[in-house]
Structure formats: C-alpha cells, structure tokens
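Here's the letter readout for the chains.
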Amino acid sequence: NEGIVSETVRLIHGDINEVMSHSKALKIAQKDNLDLVVVAPQADPMNYKREQYKKKVYMKESKKKQKVATMGQMKEIKMKSTIADHDLKIKCKKAADALKKLHPVRILMSTTLKLLKETPTLLKDMTDKVTNILNDHDVPFTLQPKELKSTTAIQMVILPVIKKE
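Presented here is a report on the structure given in the accompanying data block. (Residues numbered from 1 in each chain as written. Predicted model: local features only at pLDDT ≥ 70, side-chain atom pairs only at ≥ 80, totals over all residues. Heavy atoms only, no water.)

1. Concerning the overall build of the chain
Put simply, the rule reads: Secondary structure elements follow DSSP: runs of H or I no shorter than four residues count as helices, runs of E no shorter than two count as strands, and numbering proceeds from the N terminus. Here's how the labels work: a residue is buried when its accessible area is under 20% of the maximum for its type, exposed when over 50%, partly exposed in between, all with a 1.4 Å probe on protein chains only.
Counting secondary structure elements, the chain contains five helices and eight strands. Helices and strands appear in the chain in the N-to-C order β-β-α-β-β-α-β-α-β-α-α-β-β. Each of the 165 residues in the chain was classed as buried or not, and the buried ones make up 32%.

In structure tokens:
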C-alpha cells in the first residue's frame, strides 16, 4: 500500500472500476481491511484490486510446497528380459514422462537363470538399452545403482535432475 507512487490509480474490484486518487483507493481498501494489489503495472494509470495480500502470498507458497510434496513419489516399472523392443520403448517413455514431472523412477528387470547362463551380460545390456532410450527422450536424469540380493534381477533407480531457477 505504501509503495504506490502514482497520484491516480484505477481500482478494479467487483462493481468498482474507476480512476481515483491514491488516497481514496487506499481508504476504500482499508475500510474492508484489504490491501491494494497491482494487477497491471504497465497500464496508465496503474490498475489495482482490493484483496488480502498476505493471503495471496500464503497461497502462492502453499502451491510451491504442494509441488515439492508431489515431486518425491517413486514410480515403479517392472520388466522381464524377454520384453520386446517396442514394449521396452513404451515403458521407457512412461519413465521419461515421470522424470519430466520430477518423480524418481525405479525400474526392476528380471530374467531366468537359463537365459542368464546363455547370456551372462543380459541384465547389463538391458540397463544400457534403457539408459540409451531415456537419453533419446532428452530428459536430464542421474542413475543411482542399487544392488539386489537376487542374481536374476537388477534394479535401477533413476532420479530427475531438478533445474534451479
């Protein structure tokens, strides 16, 4: 309220939409225990509306907190070593979409002992395929290796890279 420097302002609220002096607009707002908040600073005269400024700041901060709270929900994707290439690409696209929404992703890949004996690097090759497909989606991520006690399964935890504003 005290930061208003112009002599005349346009007050917009409900049925009020008129140009008036700064002091008159301030009295109207104070009568209802409200603040004058800038709506259009580039307009001549500047446009203001009556509202509770503290409530507006609180709502903005609570939306940020809600976004941060939903960021950490882990998404889990399971697949077998016999998965077809097309199906693998679809599952990786789902993982990329979750990473774009800042959700960490856990991918569990499993195989059989028979297939693992035939191709000892099968699970490693699968993790490389998944990593390459995710790189093709242009989603920034970091891999966090996780060991499983099983010899026939591997787990990848993929964390989104959060860009600082």
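From this point, the narrative continues.
2. Quick look at unusual backbone geometry
Of note, the bond from aspartate 44 into proline 45 is cis; its omega dihedral lies within 30 degrees of zero at -5°. Along the chain, proline 45 turns up in the loop between β3 (35-40) and β4 (47-51). Look at leucine 102: it is not a glycine, yet its phi comes out positive at around 65°.

3. Comments concerning the pattern of salt bridges
The following threshold applies: Salt bridges, as used here, are contacts in which a Lys or Arg side-chain nitrogen is within 4 Å of a carboxyl oxygen on Asp or Glu.
Across all of its chains, the model carries five salt bridges by this definition. A salt bridge links glutamate 76 to lysine 78, with the nearest nitrogen and oxygen atoms 3.9 Å apart. Look at glutamate 76 and you get partly exposed, because its relative accessible area is 42%. Residue glutamate 76 is joined to arginine 106 by a salt bridge in which the shortest nitrogen-to-oxygen separation is 2.9 Å. Of this pair, glutamate 76 sits in strand β5 (residues 75-80) while arginine 106 sits in strand β6 (residues 105-110), placing them 30 residues apart in sequence. Residue classification places arginine 106 among the partly exposed residues on the basis of a relative accessible area of 25%. Several salt bridges converge on common partners, so that one network encompasses Glu76, Lys78 and Arg106.

4. Quick look at the nonpolar core
Convention followed: Definition of nonpolar core: a set of buried residues of the types Ala, Val, Leu, Ile, Met, Phe, Trp, Tyr and Cys, connected through side-chain atoms within 4.5 Å.
Core analysis: the largest hydrophobic core is formed by 23 residues, its most contacted members being Met79, Val105, Ile107, Met109, Val130, Leu134 and Ile158. Elements supplying a minimum of two residues to this core: β5, α3 (85-100), β6, α5 (122-136) and β8 (153-160). Judged by nonpolar contacts, the second largest core, of 10 residues, contains Ala25, Leu26, Ile28 and Leu36.

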